[in-house]
Amino acid sequence: MSAEHVERMRLRYRPEDLFELVSDVRRYPDFIKLITAMRVTRDAVVDGVGELDAEARVRYKFVREGFTTRVMLDAPSFAIDVTYLSGPFHELANRWRFHRLEDGSTLVDFWIRYGFKNPVLQMLLDGSRTRAIRYLIGAFEAEAAKRFEPVGDPDLDYTEALKRIPTPEASA
């Protein structure tokens, strides 16, 4: 059985910066503590467009697993799509979209669908799914704060922009 999760948030960083951060998979072990190792096995990315394959090693409590994904990057569109190649999942896909707001900040859409082959692993993650995804997104937010200067108005009312930008469910 697969599970799905959608997050939409505004971050006060430029879409270019956030795209750079999320596409920099080699550095994930530096700021996502659950990822103990990352190795890019194929890199066909030129000027922020193309594909790379990455093997990740993860550790959570008593579970240690590895998996391989294909990461498709499209810098001009501020889009990142990840598909599953091998490992403990029967399904894994995620999608990042970075939408520029009028003050230069970014509306981030994050979507993930996953399902483990092992029902015990599925139950383990299902029990803490929201917390696990918030941890992951929080790690990216914290790293963005270390790497980039904030932009935009802290009190920006972006309700009109939300009406123009399709919801993540509609684009998934």
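Residues numbered from 1 in each chain as written. Predicted model: local features only at pLDDT ≥ 70, side-chain atom pairs only at ≥ 80, totals over all residues. Heavy atoms only, no water.

Here we take up the pairing of strand β5 (residues 79-86). Bridge analysis of strand β4 (residues 63-74) against β5 gives 7 bridges, and the strand direction is antiparallel. By the bridge assignment, T68 is partnered in β5 with S86. Between β4 and β5, which follow one another and run antiparallel, lie 4 residues, and F78 among them has a positive phi close to 50°. Pairing geometry for β5 and strand β6 (residues 89-100), over 5 bridges, is antiparallel. In the sheet register, D81 faces β6, and the bridge partner there is R95. (Pairing = 2+ DSSP bridges. Helix = DSSP H or I, 4+ residues; strand = E, 2+ residues; numbered from the N terminus.)

Within the largest apolar cluster, 40 residues are counted, with the highest numbers of intra-cluster contacts made by Y28, I80, W96, F98 and F140. Residues within four places of Y28 in sequence aside, it is in contact with L21, V22, I35, M38 and F140. One finds L101, L156, A161 and I165 within the second-largest nonpolar core, a separate group that totals 5 residues. (Core = buried A, V, L, I, M, F, W, Y, C linked by side-chain atoms within 4.5 Å. Buried < 20%, exposed > 50% of the residue type's maximum accessible area, 1.4 Å probe, protein only. Contact = heavy atoms within 4.5 Å.)

This part is about unusual backbone geometry. Phi angles above zero are rare outside glycine, and D47 is one such case at about 55°. In the Ramachandran plot, F78 falls in the positive-phi region, its phi being about 50° despite a non-glycine side chain. One can find F78 in the loop between β4 and β5.

The next point concerns the side chain of T106. Summarising the element assignment, T106 is placed in strand β7 (residues 106-116). Overall, the relative accessible area of 0% leaves T106 in the buried class. Of note is the side chain of T106, whose polar atom sits 2.5 Å from the backbone oxygen of Y13. (Polar contact = N/O pair within 3.5 Å; in protein donor to acceptor, adjacent residues only side chain to side chain.)

One can find R95 in strand β6. Overall, the relative accessible area of 17% leaves R95 in the buried class. For R95, the side chain forms a polar contact with the side chain of D81, separated by 3.2 Å.

Now for the pairing of β7. In terms of residue burial, β7 counts as a mostly covered element, since 10 of its 11 residues are buried. Where strand β1 (residues 3-11) and β7 come together, 9 bridges link them in antiparallel fashion. Looking across to β7, one finds that M9 is bridged to V108. The pairing of β6 with β7 spans 11 bridges and is antiparallel. Bridge pairing links A93 to R113 in β7. Linking β6 to β7, which pair antiparallel, is a turn of 5 residues; within it G104 sits at a positive phi near 95°.

Of all residues in the protein, 90% attain a pLDDT of 70 or more, and the chain-wide mean is 90. Averaged pLDDT values for the elements of the protein fall to 60 in helix α6 (residues 168-171) and rise to 98 in helix α1 (residues 15-23). (pLDDT = per-residue confidence, 0-100.)

Let us now look at the pattern of salt bridges. Close approach of charged atoms allows side chains with opposite charge to pair. This structure, assessed with the given rule, holds 23 salt bridges. Note that D53 and R70 form a salt bridge whose closest N and O atoms lie 2.7 Å from each other. Of this pair, D53 sits in strand β3 (residues 49-60) while R70 sits in strand β4, and the two are 17 residues apart along the sequence. Accessibility expressed as a relative area gives 7% for D53, which makes it buried. The partner of R113 in a salt bridge is E91, with the nearest N and O atoms 3.3 Å apart. (Salt bridge = Lys/Arg side-chain N within 4 Å of Asp/Glu carboxyl O.)

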